Amino acid sequence: MLEVELDIFSGRTNPKWVLSEEEEKELLNIILSDPTEISPVYTPEEQFGLGYRGLIVREIKSDEGIWNKTNRALENTIPNEFRVGSKPSKQTAAEWLLKTYEKQRSIVSDELLELVSEGVVLLPTPKKIIGTTDDDEISRSIRWETCHSNYFSGRDHSIFNNRHNVRHSNCYAYAANNPGTGRYTLPGLQGGRPIINPSRSEMNGALFADGWTHHSCWPSAQKVLIIAAVIKPSAPWDFHFYRCTQNGPDWEWGHKPGATLATDLDNSRRRISNPETCNRGLYTDFCGYFYHNGPTVTVKCDTQCYP
């Protein structure tokens with residue numbers, strides 16, 4: 001039995017649906033006609049930004065259907081989890097799979113399909129890096145430097161980028177420095193006030209409930225987590241987080257777009273020195289900065305959405 005996941009959100013639950021046996025047969029024919037359509041779900045060779053990242057196909061139950069019978073007979077078997085649609089020149093499987101959502105119309109809206117039509121958000125190749133920092137970022141770094149805070153440093157993304165934690169940590173788990181707690185950790189769920197609507201006040205209330213503090217200057221502490229919250233306000237709405245990973249004067253921030261590899265690069269492949277001015281794609285509503293005294297924050301996963 002195959003499940004399809006439209007990989008498009010960073011914080012919220014991605015839409016998923018199950019293929020029929022006839023649909024499995026059609027997908028199998030497409031892939032066997034061109035095996036280069038598929039790529040690993042998590043690979044450093046494909047780095048994604050905020051936005052549409054293709055579709056993930058995974059086997060959720062082994063059965064005696066056409067997919068498993070044919071796959072077992074192949075010399076080079078198809079992986080039980082793979083991504084399609086991430087290669088701009090290889091879209092046959094992705095375009096066909098998107099048509100199978102018709103029976104799940106309630107979870108794949110026209111707004112989602114419009115985002116998909118804009119293409120996969122792959123980070124540019126390294127040769128396109130723009131290495132300068134603008135004046136606004138410099139002035140903000142100087143202002144933060146005057147706070148004399150002792151930041152918690154977490155530049156090593158490797159713990160979030162092992163296979164289990166990539167899949168089972170979203171952007172909020174990364175912000176809380178709490179890997180593997182569940183892919184759909186939701187702001188405010190731990191504190192009993194989960195975010196429901198895409199607004200700054202909702203986000204603030206949710207983070208306060210989880211124990212974060214909103215302040216213009218960070219306190220002096222040995223280990224302080226500092227994060228920035230942003231929202232994609234237009235339908236379909238979503239949320240995203242950045243975490244400070246190195247203090248000034250050379251500020252750096254990291255983030256984890258959904259169930260992808262954690263990175264310190266924005267959608268333009270620039271190193272993130274300022275989450276307010278970096279390329280955040282459609283996540284245009286900046287909610288503010290928050291801190292927590294301690295190396296981790298307890299966050300809660302929506303168990304109904306656990307993959």
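Scope of this entry: the structure provided in the associated data block.

Procedures and definitions
Residues numbered from 1 in each chain as written. Predicted model: local features only at pLDDT ≥ 70, side-chain atom pairs only at ≥ 80, totals over all residues. Heavy atoms only, no water. Core = buried A, V, L, I, M, F, W, Y, C linked by side-chain atoms within 4.5 Å. Buried < 20%, exposed > 50% of the residue type's maximum accessible area, 1.4 Å probe, protein only. Helix = DSSP H or I, 4+ residues; strand = E, 2+ residues; numbered from the N terminus. Contact = heavy atoms within 4.5 Å. Pairing = 2+ DSSP bridges. Axes fitted to C-alpha atoms, helices over the stretch in contact; angles between N-to-C directions. Parallel < 35°, antiparallel > 145°, perpendicular 65-115°, else oblique. Salt bridge = Lys/Arg side-chain N within 4 Å of Asp/Glu carboxyl O. Phe/Tyr/Trp six-rings, centres within 6.5 Å; stacked < 30°, edge-to-face > 60°. Lys NZ or Arg CZ within 6 Å of the ring centre and 35° of its normal.

**With respect to the nonpolar core**
Next, step 1: Core analysis: the biggest nonpolar cluster contains 29 residues, and L6, L27, L55 and L97 have the highest contact counts within it.
Next, step 2: Sorting the residues of this core by element identifies β1 (2–6), α1 (21–33), β4 (55–59), β5 (81–84), α3 (92–99) and α4 (110–117) as the ones contributing at least two each.
Next, step 3: Of the residues forming this core, the biggest block, five residues, is contributed by α3.
Next, step 4: Excluding residues that lie within four positions of it along the chain, L27 makes contacts with L2, L19, V57, W67, A93, W96 and L97.
Next, step 5: With 21 residues, the next largest nonpolar core counts A176, I195, L225 and V299 among its residues.

**Things to note about the sheet that holds strand β3 (residues 38–39)**
Next, step 1: Strand order in the open sheet formed by five strands is β2-β1-β4-β5-β3, with antiparallel pairing between adjacent strands. Whereas interior strands pair on both sides, the edge strands pair on one side only; in this sheet they are β2 (16–18) and β3.
Next, step 2: Of the strand pairs in this sheet, β4 and β5 are connected by four bridges, and their pairing is antiparallel. From the neighbouring strand, V57 faces β5, where its bridge partner is F82.
Next, step 3: Running at roughly 70° to β1, α1 makes contact with β1, β2, β3, β4 and β5 of the sheet.

**Quick look at the pairing of strand β10 (residues 285–293)**
Next, step 1: Taking burial as the measure, the nine residues of β10 include eight buried ones, the bulk of the element.
Next, step 2: The pairing of strand β6 (residues 213–214) with β10 spans two bridges and is antiparallel. From the neighbouring strand, H214 faces β10, where its bridge partner is F290.
Next, step 3: In terms of strand pairing, strand β7 (residues 224–232) meets β10 through eight bridges, oriented antiparallel. Paired with I226 across the bridge in β10 is Y291.

**Examining the sheet that holds β6**
Next, step 1: The five strands are arranged β6-β10-β7-β8-β9 in an open sheet whose pairing can be described as antiparallel. Lying at the two open borders of the sheet, with one neighbouring strand each, are β6 and β9 (252–254).
Next, step 2: Across the sheet, helix α8 (residues 200–209) touches β6, β7, β8 (238–246) and β10, and the angle it forms with β10 is around 10°.

**A few points about the packing of α1 against helix α2 (residues 66–73)**
Next, step 1: The geometry of α1 relative to α2 is characterised by a closest axis approach of 8 Å and an angle of 30° between their N-to-C directions. In this view, α1 runs roughly parallel relative to α2, as classed from their interaxial angle. On α2, the residues touching E21, E24, K25, L27, L28, I31 and L32 of α1 are I66, W67 and T70.

**So, the pattern of salt bridges**
Next, step 1: Across all of its chains, the model carries eleven salt bridges by this definition.
Next, step 2: One salt bridge in this structure joins R167 and E81, with 3.8 Å as the shortest N-O distance. In this pair, R167 is assigned in helix α6 (residues 163–167) and E81 in strand β5, connecting sequence segments 86 residues apart.
Next, step 3: A relative accessible area of 21% places R167 in the partly exposed class.
Next, step 4: Where salt bridges share partners, they join E3, E5, R58, E81, R163, R167 and R183 into one cluster.

**Regarding the packing of aromatic side chains**
The geometry of two aromatic rings is summed up by the distance between their centres and the angle between their planes.
Next, step 1: Evaluated as defined, the whole model comprises eight aromatic pairs.
Next, step 2: Between the aromatic rings of F160 and Y174, the centroid separation amounts to 5.1 Å while the plane-to-plane angle is 65°, which identifies the pairing as edge-to-face. You can see F160 sitting in the loop between α5 (135–145) and α6 and its partner Y174 sitting in helix α7 (residues 171–175), a full 14 residues away along the chain.
Next, step 3: Overall, F160 belongs to the buried group, its relative accessible area being 1%.
Next, step 4: On the basis of an interplanar angle of 65° and a centroid distance of 5.1 Å, the ring pair of F286 and Y289 is categorised as edge-to-face.
Next, step 5: For Y289, a relative accessible area of 8% puts it in the buried group.
Next, step 6: The rings of Y172, W237, F239 and F241 are connected pair by pair, giving a single aromatic cluster.
Next, step 7: Over the ring of F9 we find R12, and its NZ or CZ is 4.8 Å from the ring centre.
Next, step 8: The ring centre of Y174 lies 4.3 Å from the NZ or CZ of R243, which sits over that ring.

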